[in-house]
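Overview (structure and organization)
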Amino acid sequence: MTVILVFLSAAIVNNLVLAYFLGICPFLGVSKRLDTALNMGFATTFVMTLAAAITWLINNLILVPYDLPFLQNVTFIITIASLVQLVEMFIKKTSPPLYKSLGIFLPLIVTNCAILGLALFEALREYTFLEGLFFGVGGGFGFTLALVLMAGIREELEFAEVPESLKGAPMTLLVAGMLALAFMGFAGLLSV
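Residues numbered from 1 in each chain as written. Predicted model: local features only at pLDDT ≥ 70, side-chain atom pairs only at ≥ 80, totals over all residues. Heavy atoms only, no water.

Concerning a nonpolar patch on the surface
Residues L57, L61, I62, Y66 and F129 make up a contiguous nonpolar surface patch of about 490 Å² in total accessible area. Looking at which element gives the most residues to the nonpolar patch, the answer is helix α3 (residues 34-63), with three residues. As for its placement among the helices and strands, Y66 is situated in the loop between α3 and α4 (72-94). (Patch = residues over 30% accessible without salt bridge, like charges linked within 9 Å, V, L, I, M, F, W, Y side chains within 5 Å. Areas by Shrake-Rupley, 256 points an atom, 1.4 Å probe, with all protein chains shown as cover. Salt bridge = Lys/Arg side-chain N within 4 Å of Asp/Glu carboxyl O. Helix = DSSP H or I, 4+ residues; strand = E, 2+ residues; numbered from the N terminus.)

Side note on the nonpolar core
Counting 41 residues, the largest nonpolar core has F27 and I109 as its most contacted members. Taken together, the elements giving at least two residues each to this core come down to α1 (2-13), α3, α4, α5 (96-102), α6 (113-124), α7 (129-157) and α8 (169-184). Sort the elements by how many residues they give to this core and α3 lands first, with seven residues. Every residue in contact with F27, bar those within four places of it in the chain, is listed here: V17, L18, A146, L147, M150, A176 and L179. I58, L63, A119 and A123 belong to the second largest nonpolar core, which has five residues in total. (Core = buried A, V, L, I, M, F, W, Y, C linked by side-chain atoms within 4.5 Å. Buried < 20%, exposed > 50% of the residue type's maximum accessible area, 1.4 Å probe, protein only. Contact = heavy atoms within 4.5 Å.)

Description of the packing of aromatic side chains
For the structure shown, the criterion picks out five aromatic pairs. Considering the side-chain rings of Y20 and F121, the 4.8 Å spacing of their centres and the 40 degrees angle between planes classify their relative orientation as tilted. Of the two residues, Y20 sits in the loop between α1 and α2 (24-29) while F121 sits in helix α6, which places them 101 residues apart along the sequence. On the numbers, 5.3 Å between centres and 70 degrees between planes, the contact of W56 with F129 is edge-to-face. Of the two residues, W56 is situated in helix α3 and F129 in helix α7; the sequence distance between them amounts to 73 residues. Overall, the relative accessible area of 18% leaves W56 in the buried class. (Phe/Tyr/Trp six-rings, centres within 6.5 Å; stacked < 30°, edge-to-face > 60°.)

Observations concerning α6
Taking 1.5 Å as the rise per residue, α6 with 12 residues should run 16 Å; its terminal C-alpha atoms sit 16 Å apart, in good agreement. Burial in α6 covers these residues: A114, I115, G117, L118, A119, F121, E122 and A123. Count one or two residues on from α6 and you reach E126, which has phi positive near 55 degrees. (Expected span 1.5 Å × (residues − 1).)

Things to note about the packing of α7 against α8
Geometry of a packed helix pair, given as the angle between the helix axes and the separation of the axes. Two numbers describe how α7 lies on α8: the axes approach to 11 Å, and their chain directions differ by 135 degrees. What the angle tells us is that α7 and α8 run oblique. The chirality of how α7 crosses α8 is right-handed. Residues L145, L149, M150, I153, R154 and L157 of α7 form the contact with α8, whose participating residues are M171, T172, V175, A176, L179 and F183. The residue makeup of the contact of α7 with α8, split by class, is 10 nonpolar, one polar and one charged. (Axes fitted to C-alpha atoms, helices over the stretch in contact; angles between N-to-C directions. Parallel < 35°, antiparallel > 145°, perpendicular 65-115°, else oblique. Left-handed = near helix turned anticlockwise from the far one by under 90°. Nonpolar A, V, L, I, M, F, W, Y, C, P; charged D, E, K, R; others polar.)

Overview of the side chain of T45
Looking at where T45 falls in the secondary structure, it is placed in helix α3. Side-chain polar atoms of T45 contact the side chain of T144, separated by 3.0 Å. Setting aside chain neighbours within four positions, we find T45 in contact with V137, G140, F141 and T144. (Polar contact = N/O pair within 3.5 Å; in protein donor to acceptor, adjacent residues only side chain to side chain.)

Side note on the environment of S101
The residue S101 is located in helix α5 in this model. For the pair S101 and E126, spaced 25 residues apart in sequence, the C-alpha separation works out to 37 Å.

Details of unusual backbone geometry
Positive phi, close to 60 degrees, is recorded for F21, a residue that is not glycine. You can see F21 is positioned in the loop between α1 and α2. Phi is positive for E126, which is not a glycine, with a value near 55 degrees. Note on placement: E126 falls in the loop between α6 and α7. Residue classification places E126 among the exposed residues on the basis of a relative accessible area of 69%.

Structure representation (structure tokens):
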């Protein structure tokens, strides 16, 4: 039951993008088209899940036992960068159109602070391995949910009569703020 609460907390209540405002760059940059947002969400979810598992192992089997927690940030960043390189090579080899559509945002997963935040929250909250894994999947699902919601709204706004002064970035930021406010309504429902 705890792992389900951890998943729901990471995906909805404590959404990394809409509650903690982590990963805003890909959230705003890749959310123009629904298919691209969904693919980016899947790639990020995969990286988040692997990062949660590997950083938990590194933290709990190496850093904590040898009294090296001060190396968490550096170790987690190197781990995430390596995982993203593997994902990028895999996508480039298996799906060149997807690789091309994600463009620069695929390598930017490395600098996605949502993934680093996920790894640091996992260590801070002292999750078990299974809880950490569900936290990674839930965080990735929440990231994908935020991207898909934003992309869907932005696609619909293409057909709406938007004042000229609000077209583009201003409307995108207004929508992002409204989504964040909506998700803040879930605050306090779960504290896992």
